[in-house]
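What follows is the residue order along each chain.
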Amino acid sequence: MDGFETTAGSRPPEESAEAAPRAALSRRRFMVYSLAASTLTIAAPLGCDTSTAQGATPSAAPAASDVLVTGTDEEMLVLEVTAANKVVVRLPRVEVGQGITTAVAMMIAEELDARLADVDIPLADARTGGNQYTGGSNSVSSLYGPARALAATARARLVTAAARRWRVPAWSLRTRDTMVIGPGGRTATFGSLTASAAKIRRTSVSSKPKPAAKHQVIGRPTTRIDARAIVTGEAKYAGDVTVAGVKPTVVARPPTIRGKIVSVDDRAARALPGVRAVVRIPGGVAVVADSFHHAFKARDALRIKWAPGPLAGLSDAAVRSRLKAAVPRLGTPPTGSTQIQGEFEFAFVSHAPMEVLTAVADVRAHKAEFWFSTQTPMEARDAVASAVGLPASAVRVHVLRGGGSFGRRLNYDAAIEAALISKAAGRPVKLMWSRNDDIRHGRMRPASHHRIRASHKDGRVVAFTHSMASVSESSEGKGVVNQAAFGGRLSAGPAPSDSGLYNFGRISEDWGGIELAIPLGAWRSVDSGTMRTAEEIVVDEVAASLGQDAVDFRRTTLRNKAVKAVLDKVAAAGQWGRSLPDGHAQGVAVHEEYGSCVACLAEIDATDPKNPRVTKVVMAADVGRAVNPRGLEAQLMGTAVDGISTVLQAGLHLDRGAIREGSFADFHWARQRHAPLRFEAHIMPANGEPGGAGELGVPAASGAVANAYARATGTKPRRFPLNF
Amino acid sequence: MPSHSFILNGKPVTVEAPADMPLLWVLRDLLHVTGPKYGCGVGVCRACTSHLDGEEIQPCVVKVEDCQDRKVTTIEGLADGDTLHPVQQAWMDCDVSQCGFCQPGQIMAAAALLKRTPHPTDADIDRIENVCRCGTYARIREAINRAASEITP
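Bear in mind the structure is a predicted one, so any value in this text is a computation, not a measurement. (Residues numbered from 1 in each chain as written. Chains lettered and ligands numbered in written order. Predicted model: local features only at pLDDT ≥ 70, side-chain atom pairs only at ≥ 80, totals over all residues.)

**Thoughts on the overall build of chain B**
Here's step 1: In terms of helices and strands, chain B carries five helices and five strands.
Here's step 2: Reading the secondary structure of chain B in the N-to-C direction produces β-β-α-β-β-β-α-α-α-α.
Here's step 3: Computed over the C-alpha atoms, the radius of gyration of chain B is 15 Å, within 12% of the 15 Å expected from 2.2 N^0.38 for a compact globule of 153 residues.
Here's step 4: Counting over 153 residues, chain B shows a buried share of 58%.
Here's step 5: Once local pairs closer than 6 in sequence are excluded, the contacts in chain B between residues at least 24 apart make up 61%. (Helix = DSSP H or I, 4+ residues; strand = E, 2+ residues; numbered from the N terminus. Rg over C-alpha atoms; globule rule 2.2 N^0.38 Å. Buried ≥ 20, exposed ≤ 12 C-beta atoms within 10 Å, placed from the backbone. Contact = placed C-beta atoms within 7 Å.)

**A short note on the domain arrangement of chain B**
All names here are of chain B.
Here's step 1: Assigned domains of chain B: these are domain 1 (3-76) and domain 2 (86-151).
Here's step 2: Distance from the C-alpha centre of domain 1 to the C-alpha centre of domain 2: 21 Å.
Here's step 3: Each side of the interface is counted separately: domain 1 has 15 residues, and domain 2 has twelve residues.
Here's step 4: Listing elements by their share of the side of domain 1 that touches domain 2, those giving two or more residues are β3 (50-52) and β4 (55-57).
Here's step 5: When the residues that make up the side of domain 1 that touches domain 2 are grouped by side-chain class, the tally is five nonpolar, six polar and four charged. (Domains from an automatic or database assignment. Nonpolar A, V, L, I, M, F, W, Y, C, P; charged D, E, K, R; others polar.)

**A closer look at the interface of chain B and chain A**
Interfaces are frequently sized by the accessible area removed from exposure as the parts join.
Here's step 1: Taken residue by residue, the interface counts 48 residues in chain B and 48 residues in chain A.
Here's step 2: Counting only elements with at least two residues in the side of chain B that touches chain A, the list comes to α1 (23-30), α2 (86-93), α3 (103-116), α4 (122-126) and α5 (137-151) of chain B.
Here's step 3: Of all the elements, α5 of chain B adds the most residues to the side of chain B that touches chain A, at four residues.
Here's step 4: When grouped by side-chain class, the residues that make up the side of chain B that touches chain A number 27 nonpolar, 13 polar and eight charged.

**Observations concerning the domain arrangement of chain A**
Residue and element names in this part refer to chain A.
Here's step 1: Here the domain parsing of chain A yields domain 1 (33-225), domain 2 (238-309 + 357-432) and domain 3 (317-349 + 443-720).
Here's step 2: Taken together, the contact between domain 1 and domain 2 spans 13 residues of the former and 19 residues of the latter.
Here's step 3: Residues that form the side of domain 1 that touches domain 2 fall into these classes: six nonpolar, four polar and three charged.

**What to know about the environment of D582 of chain A**
Residue and element names in this part refer to chain A.
Here's step 1: The topology assignment puts D582 in the loop between α14 (561-573) and β24 (584-593).
Here's step 2: For D582, a count of 8 C-beta atoms within 10 Å gives the class exposed.
Here's step 3: Sequence separation of D582 and D642 is 60 residues, and the distance between their C-alpha atoms is 26 Å.

**Focus on the sheet that holds strand β1 (residues 33-34) of chain A**
All names here are of chain A.
Here's step 1: What the five strands build is an open sheet, ordered β1-β2-β3-β4-β5; its pairing is mixed. Strand pairing shows two members of the sheet lacking a second neighbour, β1 and β5 (119-120), which therefore form its edges.
Here's step 2: Where strand β3 (residues 76-81) lies against strand β4 (residues 87-89), three bridges are found, and the strand directions are antiparallel. In the strand pairing of β4, L79 is matched with V89. (Pairing = 2+ DSSP bridges.)

**Topic: the confidence of the model for chain B**
Here's step 1: Here chain B averages 97 in pLDDT, and 100% of its residues register 70 or above.
Here's step 2: Reported for the predicted complex are a pTM of 0.92 and an ipTM of 0.99. (pLDDT = per-residue confidence, 0-100.)

**Comments concerning the packing of helix α13 (residues 550-557) of chain A against α14 of chain A**
All names here are of chain A.
Here's step 1: Axis separation between α13 and α14 bottoms out at 10 Å; the angle between their running directions is 160 degrees. With respect to their mutual orientation, α13 and α14 come out roughly antiparallel. The chirality of how α13 crosses α14 is left-handed. Contacts between α13 and α14 involve V551, R554 and R555 from the former and K564, L567 and A571 from the latter.
Here's step 2: By residue class, the composition of the contact of α13 with α14 is three nonpolar, no polar and three charged. (Axes fitted to C-alpha atoms, helices over the stretch in contact; angles between N-to-C directions. Parallel < 35°, antiparallel > 145°, perpendicular 65-115°, else oblique. Left-handed = near helix turned anticlockwise from the far one by under 90°.)

**Quick look at the environment of A675 of chain A**
Residue and element names in this part refer to chain A.
Here's step 1: Among the secondary structure elements, A675 is positioned in the loop between β28 (658-659) and β29 (678-683).
Here's step 2: Given 26 C-beta atoms within 10 Å, A675 falls into the buried group.
Here's step 3: A675 sits 146 residues away from G529 along the chain, and the two C-alpha atoms are 19 Å apart.

**Comments concerning the sheet that holds β4 of chain B**
Residues and elements named next belong to chain B.
Here's step 1: The sheet built from five strands is open, its strands ordered β2-β1-β5-β3-β4 with mixed pairing. The sheet is open, and its two borders are formed by β2 (11-16) and β4, each paired with just one other strand. Direction aside, the axes of adjacent strands within the sheet are offset by 40 degrees on average.
Here's step 2: Seen against the sheet, α3 touches β3 and β4 and runs at an angle of roughly 150 degrees to β4.

**Overview of the nonpolar core**
Residues and elements named next belong to chain A.
Here's step 1: In terms of nonpolar packing, the biggest core is built from 278 residues, with I108, A415, C600, M619, A621 and V705 touching the most fellow members.
Here's step 2: Among the elements that take part in this core, helix α3 (residues 139-166) stands out by supplying 15 residues, more than any other.
Here's step 3: In this view, M619 contacts V570, V598, A599, C600, L636, A640, A681 and G697; residues no more than four positions away in its chain are not counted. (Core = buried A, V, L, I, M, F, W, Y, C linked by C-beta atoms within 7 Å.)

**Some points on helix α7 (residues 292-301) of chain A**
Here's step 1: Among the ten residues in α7 of chain A, eight count as buried, and that is most of the element.
Here's step 2: For α7 of chain A, the complete set of buried residues consists of F292, H293, H294, A295, F296, K297, A298 and R299 of chain A.

**Observations regarding α14 of chain A**
All names here are of chain A.
Here's step 1: Under the 1.5 Å per step criterion, the end-to-end length of α14 is 18 Å for 13 residues, consistent within 8% with the ideal 18 Å.
Here's step 2: Turning to α14, its buried residues number three or more, namely V563, V566, L567, K569, V570 and A571.
Here's step 3: Two residues or fewer past α14, Q575 is found with a positive phi of approximately 50 degrees. (Expected span 1.5 Å × (residues − 1).)

**Observations regarding the packing of α2 of chain B against α5 of chain B**
Pairs of packed helices are described in terms of their axes, by the angle between the two and the distance that separates them.
Residues and elements named next belong to chain B.
Here's step 1: Between α2 and α5, the shortest axis-to-axis distance is 8 Å and the interhelical angle comes to 135 degrees. Classed by the angle they form, the pair α2 and α5 counts as oblique. Between α2 and α5 the crossing geometry is right-handed. The residues of α5 that touch α2, namely those facing P86, V87, A90, W91 and D93, are A143, R146, A147, E150 and I151.
Here's step 2: Partitioning the contact of α2 with α5 into residue classes produces seven nonpolar, no polar and three charged.

**Thoughts on the pairing of strand β16 (residues 358-363) of chain A**
Looking along a regular strand, one sees side chains alternate from face to face of the sheet.
All names here are of chain A.
Here's step 1: For β16, the tally of buried residues reaches six of six residues, placing the bulk of the element in the interior.
Here's step 2: Along β16, one buried face is formed by T358, V360 and D362 and the opposite face, lined by A359, A361 and V363, is buried too.
Here's step 3: The pairing of β16 with strand β19 (residues 429-432) spans four bridges and is antiparallel. The residue of β19 that forms the bridge with A361 is V429.
Here's step 4: When β16 meets strand β17 (residues 368-372), the two strands line up antiparallel, connected through five bridges. Bridging from a neighbouring strand, D362 pairs with E369 of β17.
Here's step 5: The turn joining β16 and β17, which pair antiparallel and follow one another in sequence, is formed by four residues.

**Considering the confidence of the model for chain A**
Here's step 1: Here chain A shows a mean pLDDT of 90. Residues at 70 or above account for 89%.
Here's step 2: A low-confidence stretch, residues 477-498 of chain A (pLDDT under 50), is modelled with 63 contacts involving residues beyond four sequence positions or located in other chains.

This is how it looks when you write it as structure tokens:
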């Protein structure tokens, strides 16, 4: 890497023009570097503070023909302008539907004045260092600075190169549509300038990102860059990958969670046509075959004797009572106060991404190569390497787009299994979990129990206490297919829920838990999805007991103006308080997290309480700055369906150590007939840098649906899902 | 192994496959047509939805022998060359997709619905069973209505 400074004038490596992030984020500065290459190639440190970034000490410059790069460059976000006039940024994040590739393409197109169609955002392979973690709704906020700084620097280089070519002052040039435009309307594509721009040491125009007021792309509702690939069926997921010699593979799994093999008779299975290998792995018995049809047939022909798993005696009722007993006691309420108290239970919930876990593995004697979708590629690479006894440096992991995740792809269970199978079978394999595998043996949002008490006195809440217990995954149950829970707190510790959202006097939280040998994982919005939902129900009950309207009560007790504003927005847009027929009602809830806030108003038809329909949802979000309002609306729409599903109808039963549900036939995720007939999302005006958004809506939507159901039915919702 | 012939996206194909092999795996594993997705294998999630002689099917529960001499259309065969089918175009216009995995099936289900019922009501649309785990249902509804007005104004 050539570590010279790149900015206009003689300033040191540049601080991004808008490096004053929202108060919730740590202050970051973005330096940009030029990489010696035959095409313009710029790098910016990613997701680390300036001090760390400066650790990117210039190393020996690679040959001019090298585009990239080793060592510290791996930790950077790198932009290349190709001779074919494409702008390529290899993204150290995964696209699972949240729209991060589109959002980053927009940031790049904005600062380069490139056409969006000329910006390519392939997903980076697993790297050796830096931040390659997708989770915690942090992708847009962590990339917003570096991506724009990169592109702005590249633009300055390209303009400077054009000025030299045409011998005109750089200030007289403009950029548009992936071109530099000069006097008399002459044009040069970025691609035609990239080689000379690569040699520019000092730019003649500013390389600062634009002020937000000048944004033309950021903030404009934009269709996904992969929309056409998706609607034509061309978008490729792990199951669609072709690798020479790769064979479809499935695993026979035990009837109970983590049951163990006692004996296997695979003679009948091996005798079937198209069967290439039968391999024992810790999770079961794998069959490698010529097609998935052959693999499933042979799997079903295996005669396996299983020992019951560690939870074989355990069912829901016992889990619920153990959880209840594990909730820490609430302590003494303030003297003279009146108590509103509720106990809330949430069942296990599957992530159930549409694309079941799938991983292609090609493990050889001295190296291995993998293709799968993962939120944690670096950890995944280390884990698969260790599983097959190779050094991590001998393992290449190609990160693929995922067919949904919701937290599921933080864990890489299937990749580890695929590694073991490929090694044992001596050939590349494409391991696919069946939907049964996914729901019965896959990971779940932990079941939890919440005890919440609001104490009021003289018309005011003077104390608010939330004690909870949730299931965590015991270490003896983890075995080879478990890893640390990224982004999810699956063990006891301080709760993240912010009851401090309201002026409720003395706020306290306490946390207990039970350990089970059961596969768990962080689920979109993690603990907030249950904690805040339960709290928002209590807020409604407090308002009712004080004789106040649910919106008015929130408006007078919320601390943050931004939260009041989103609440007011949904109340106005959703006509809060409008008259509805019997059995119909509205509900509201709010949430604040990730430097953002959201409100949701839901209308429900619960004329038949066993078969309710959420008819309308209105949401409003303040995310600081929505890079792609259309994408943000999509995320909110998805969280509305999460709320409807998890509150009303979708959960998992544990029956004697096994999950009862096995597909979308009995895991009742919302279908079109359960989704709101009308959905509106209102995005508050930009007022800073982007906060997080992908998980934001879940607690508000869940709370609003529960509160609407309560009001429509005159019941107090306590156990979720309500119809289970 | 028996041989099966059918018309796939307008072109005749012949494959050697067991008679009971589900069309889904014939398409994906033998013919490398990967638009139809596996999501459950039991006809429930409908991510594989395609057309047989113009009618909606779930290839994961249709045997290849039942396709003999018939017309199979997958998402890859819906567009007319580079010109998208009005349902695909409406999907783009409404930016329906999130992760995209269920969308080939959603689009094929919507195209089949509009063929049967050119101007579907909300109740007609509600009968679509295809699961979208990302929850894009509101945009799916919007896109179907948009496509309906494009196809037969």
